[in-house]
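A structural walkthrough
Listed below, chain by chain, are the residues.
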Amino acid sequence: KPYTEEMFRSGLRRAIDGYNRKEEKKSVIENRQPNKIRYIAPHETRHTYISRLVSKGVNPATVAKMVGHERVETTLNFYTHVSDNDIIEASKEIG
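We now turn to the structure provided with this report. (Residues numbered from 1 in each chain as written. Predicted model: local features only at pLDDT ≥ 70, side-chain atom pairs only at ≥ 80, totals over all residues. Heavy atoms only, no water.)

Before going further, it helps to examine the overall build of the protein. Within the protein, the secondary structure is distributed over five helices and zero strands. Radius of gyration (C-alpha) of the protein: 19 Å, far over the 12 Å computed for a compact globule of 95 residues. Overall, the C-alpha framework of the protein stretches about 50 × 50 × 15 Å when taken along its three principal axes. Across the 95 residues in the protein, those meeting the buried criterion constitute 17%. Considering only contacts in the protein between residues 6 or more positions apart, those separated by 24 or more positions represent 33%. (Helix = DSSP H or I, 4+ residues; strand = E, 2+ residues; numbered from the N terminus. Rg over C-alpha atoms; globule rule 2.2 N^0.38 Å. Buried < 20%, exposed > 50% of the residue type's maximum accessible area, 1.4 Å probe, protein only. Contact = heavy atoms within 4.5 Å.)

In this section: a nonpolar patch on the surface. Where nonpolar side chains cluster on the molecular surface, the patch consists of Tyr-3, Met-7 and Phe-8 and spans about 320 Å² of accessible area. On the basis of relative accessibility, which here comes to 40%, the residue Phe-8 falls in the partly exposed class. (Patch = residues over 30% accessible without salt bridge, like charges linked within 9 Å, V, L, I, M, F, W, Y side chains within 5 Å. Areas by Shrake-Rupley, 256 points an atom, 1.4 Å probe, with all protein chains shown as cover. Salt bridge = Lys/Arg side-chain N within 4 Å of Asp/Glu carboxyl O.)

Moving on to unusual backbone geometry. At Asn-31, a residue that is not glycine, the phi angle is positive and equals roughly 55 degrees. Mapped onto the fold, Asn-31 is located in the loop between α1 (5–29) and α2 (42–55).

Further remarks concern the nonpolar core. Within the largest apolar cluster, five residues are counted, these being Ile-50, Leu-53, Val-63, Val-67 and Tyr-79. When residues of this core are traced back to their parent elements, those giving at least two are α2 and α3 (60–67). Excluding residues within four positions of it along the chain, Ile-50 makes contact with Val-63, Val-67, His-69, Thr-75, Tyr-79 and Thr-80. (Core = buried A, V, L, I, M, F, W, Y, C linked by side-chain atoms within 4.5 Å.)

This brings us to α1. The first and last C-alpha atoms of α1 sit 37 Å apart over 25 residues, in line with the 36 Å expected at 1.5 Å per residue. Taken together, the buried positions of α1 are occupied by Ile-16, Gly-18, Asn-20, Glu-23 and Ser-27. Note on α1: the residue one or two positions beyond its end, Asn-31, has a positive phi of about 55 degrees. (Expected span 1.5 Å × (residues − 1).)

For the rest of this paragraph, the subject is the environment of Met-7. Structurally, Met-7 is set in helix α1. For Met-7, a relative accessible area of 30% puts it in the partly exposed group. Between the C-alpha atoms of Met-7 and Glu-73, which are 66 residues apart in sequence, the distance is 31 Å.

This is the structure in C-alpha cells:
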C-alpha cells in the first residue's frame, strides 16, 4: 500500500504528541515549564519555504516554477507572507 499524505501527517502528529507527553512529565519532575513542540502541518512548511525564497531575492517566476505553480500570481498572492524582519530590512533600505 502506498504511503499517503494522511499517513505521514498522522505519524508526525503521533510522534509530536508522544514527545509532548514525555516533556510534560519531565517538566513536572524538574519543576519547570514544559518545552513542547507545536504541530505544524506539512503544507505550512511550503508557505515558509516559498516566503523565504522570495524574501532572499529569488525571482518569483523561478520560485513559481520550482513549486509547480503555473502562475506567478498564485505564488505571490497565496504563498508568500511578509515577516517582521522583512519590514525591518525594507525600512533600512530607504535610510
